[in-house]
Amino acid sequence: MPILNEVDHVESAVQSMLGQDYPGVVQIVLAVGPSTDGTTELVTELSRRDARITSVPNPTGSTPGGLNAAIRASVQPIVIRVDAHSVLPPDYTRIAVETLERTGADNVGGLMNAVGRTPFEKAVARAYGARVGLGGTAHHVGGKEGPAETAYLGAFQRHRLLEVGLFDENIRRGQDWELNRRLRATGGTVWFTPRMKVTYRPRSGIRPLVTQFFATGLWRGDLARRFTRSNSVRYFVPPAMVLAVLVGLLLGFLGVVGIATGSALGWLTLAFLIPAVYVLFVLLSTILVASKDGFASMLRFLIVLPCIHFSWGIGFLFGFSRLTGDLTGHTGR
């Protein structure tokens, strides 16, 4: 598990790792970045309490750097990736190992079950688990067991990780997708099973949410440009929506100016139908998806859904077009 400034989440994540019902030997390796919120001290205390827990430094603080440092420090033949925001159910490791052995896959993963505690977090969790939010991939909304393009977190055959060169440390987000691409390209299999279900704690405020999704979209755009043929069409939907809404607003305002000045451009006001359709989409999605969590969460969902769409979509456009001067500086934290 790579960790950087996660003092509020790391202990519950580690406790869930310690609470696994897997009967075999387990080694827990925490790769700690240069944290400033007490995370380093907490990890030291956790390591002191339980000999199964060890920590290694991650000077760069990046996710792929931490993952690689932890993998190199491990000795077991199976590597299970854990996120500091995740909580594993007791049977997670056992099911992961059983699935690896049964399928012969190089990597198996399951469901990212986002669970919020506050109205805002519940709204974010709903967006995560709905097709209107993150596009409906199996590891978000569920599906049948079988081969997959990528996997959430993942349980890996360690020797295969070493064969393909571990995680690319130059990719700060989306490094899991890129690694799975290499595993599949070298004849391996990535496997999804809904039996593996991880509780994920979503971001708790607008700013961290926007930061997270802008960075995710930015790196996804960069990866889409570099590996165009390996990308699903769904990755291009949010940026296409962003462009359509922005163009619709621009043309609509030109139409308003045309009406005010008596020119022939007045018909361009019809372009306002494009952002109007998007607003209607958000309203209907809020009613259909977020109503189960109460009025307070519904109100926040009205903000959360466009934040996710536009942050991700704008980030994608910047990454795909190389419009950012400091790609590696965007880690989503």
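For the structure, see preceding data.
My aim in this report is to walk through the structure given alongside it, one point at a time. (Residues numbered from 1 in each chain as written. Predicted model: local features only at pLDDT ≥ 70, side-chain atom pairs only at ≥ 80, totals over all residues. Heavy atoms only, no water.)

### So, the overall build of the protein chain
Helix and strand counts for the protein chain stand at 13 helices and nine strands. A compact globule built from 333 residues would reach a C-alpha radius of gyration of about 20 Å, and the protein chain, at 22 Å, matches this within 12%. Once the C-alpha set of the protein chain is aligned to its principal axes, its extents read approximately 80 × 45 × 40 Å. Here the protein chain holds 333 residues, and 50% of them are scored as buried. Taking the intrachain contacts of the protein chain between residues at least 6 apart in sequence as the baseline, contacts between residues at least 24 apart amount to 78%. Surface summary for the protein chain: the accessible area is close to 15,300 Å², and the carbon and sulfur share equals 61%. In the protein chain, the 33 positive side-chain charges and the 24 negative ones have mean positions that sit 6 Å from each other. (Helix = DSSP H or I, 4+ residues; strand = E, 2+ residues; numbered from the N terminus. Rg over C-alpha atoms; globule rule 2.2 N^0.38 Å. Buried < 20%, exposed > 50% of the residue type's maximum accessible area, 1.4 Å probe, protein only. Contact = heavy atoms within 4.5 Å. Areas by Shrake-Rupley, 256 points an atom, 1.4 Å probe, with all protein chains shown as cover. Lys, Arg positive; Asp, Glu negative; His and termini not counted. Charge placed at Lys NZ, Arg CZ, Asp CG, Glu CD.)

### Looking at the pattern of salt bridges
Considering all chains together, one arrives at 18 salt bridges under this definition. With a shortest N-O distance of 2.5 Å, Arg48 and Glu45 are connected by a salt bridge. Linking Arg48 with Glu45, this pair stays in helix α2 (residues 39-49), spanning three residues, or about one helical turn. The class of Arg48 is exposed, set by a relative accessible area of 60%. Given a relative accessible area of 26%, Glu45 falls into the partly exposed group. Shared partners join several salt bridges into a network, and the residues in it are Glu11, Glu45, Arg48 and Arg49. (Salt bridge = Lys/Arg side-chain N within 4 Å of Asp/Glu carboxyl O.)

### Some details on the packing of aromatic side chains
A complete count under the given rule lists 12 aromatic pairs for this structure. Their ring planes at 80° and their centres at 6.2 Å tell us that Phe156 and Phe167 sit as a pair that is edge-to-face. One end of the pair, Phe156, is in strand β8 (residues 152-157); the other, Phe167, is in the loop between α8 (158-164) and α9 (175-185), with 11 residues separating them in the sequence. Each member of the pair Phe156 and Phe167 is classed as buried. When the ring of Trp177 is compared with that of Phe227, the centres are 6.2 Å apart and the planes differ by 50°; the resulting orientation is tilted. (Phe/Tyr/Trp six-rings, centres within 6.5 Å; stacked < 30°, edge-to-face > 60°.)

### Here we look at the environment of Pro194
Relative to the helices and strands, Pro194 is located in strand β9 (residues 190-200). Judged by relative accessible area, Pro194 falls into the partly exposed class, the value being 33%. In this structure the C-alpha to C-alpha distance between Pro194 and His140, which are 54 residues apart in sequence, comes to 10.0 Å. Sequence-distant contacts of Pro194, that is, excluding residues within four places in its chain, are made with Leu111, Gly143 and Glu145.

### Re the sheet that holds strand β2 (residues 28-32)
Consider a sheet: its strands pair through backbone hydrogen bonds, and that pairing is either parallel or antiparallel. Read from one edge of the open sheet, three strands run β1-β2-β3, paired in parallel fashion. Looking at the sheet topology across the chains shown, the edges are occupied by β1 (2-3) and β3 (53-57). Pairing of β2 with β3 involves five bridges; the strand directions are parallel. Paired with Leu30 across the strands is Ser55, a residue of β3. (Pairing = 2+ DSSP bridges.)

### Focus: a nonpolar patch on the surface
A surface patch of nonpolar side chains, amounting to about 620 Å² of accessible area, comprises Ile206, Val279, Leu283, Phe295, Leu299, Leu302 and Ile303. Secondary-structure elements contributing two or more residues to the nonpolar patch are α12 (273-290) and α13 (295-320). With four residues, the single largest contributor to the nonpolar patch is α13. One can find Val279 in helix α12. (Patch = residues over 30% accessible without salt bridge, like charges linked within 9 Å, V, L, I, M, F, W, Y side chains within 5 Å.)

### Re the nonpolar core
Soluble globular proteins tend to bury their nonpolar side chains together. Counting 65 residues, the largest nonpolar core has Met1, Val14, Leu30, Val108, Tyr128, Leu209 and Val304 as its most contacted members. Ignoring any residue separated from it by four or fewer positions in sequence, one finds Val14 in contact with Met1, Leu30, Leu46 and Ile53. If you look at the next biggest cluster of nonpolar residues, it comprises 10 residues, including Leu67, Val164, Leu166 and Leu183. (Core = buried A, V, L, I, M, F, W, Y, C linked by side-chain atoms within 4.5 Å.)

### Digging into unusual backbone geometry
Of note in this structure, Asn5 is not a glycine but carries a positive phi near 55°. For Leu166, which is not a glycine, the phi torsion comes out positive at approximately 60°. If you trace the backbone, Leu166 turns up in the loop between α8 and α9. The buried category is assigned to Leu166, whose relative accessible area is 6%.

### Remarks on helix α4 (residues 92-103)
For α4, which comprises 12 residues, the first-to-last C-alpha distance of 16 Å matches the rise-based estimate of 16 Å (1.5 Å per residue) to within 8%. Among all positions in α4, only Tyr92, Thr93, Ile95, Ala96, Val97, Thr99 and Leu100 are buried. Buried residues belonging to α4 abut β4 (78-80), β6 (107-114), β8 and β9. (Expected span 1.5 Å × (residues − 1).)

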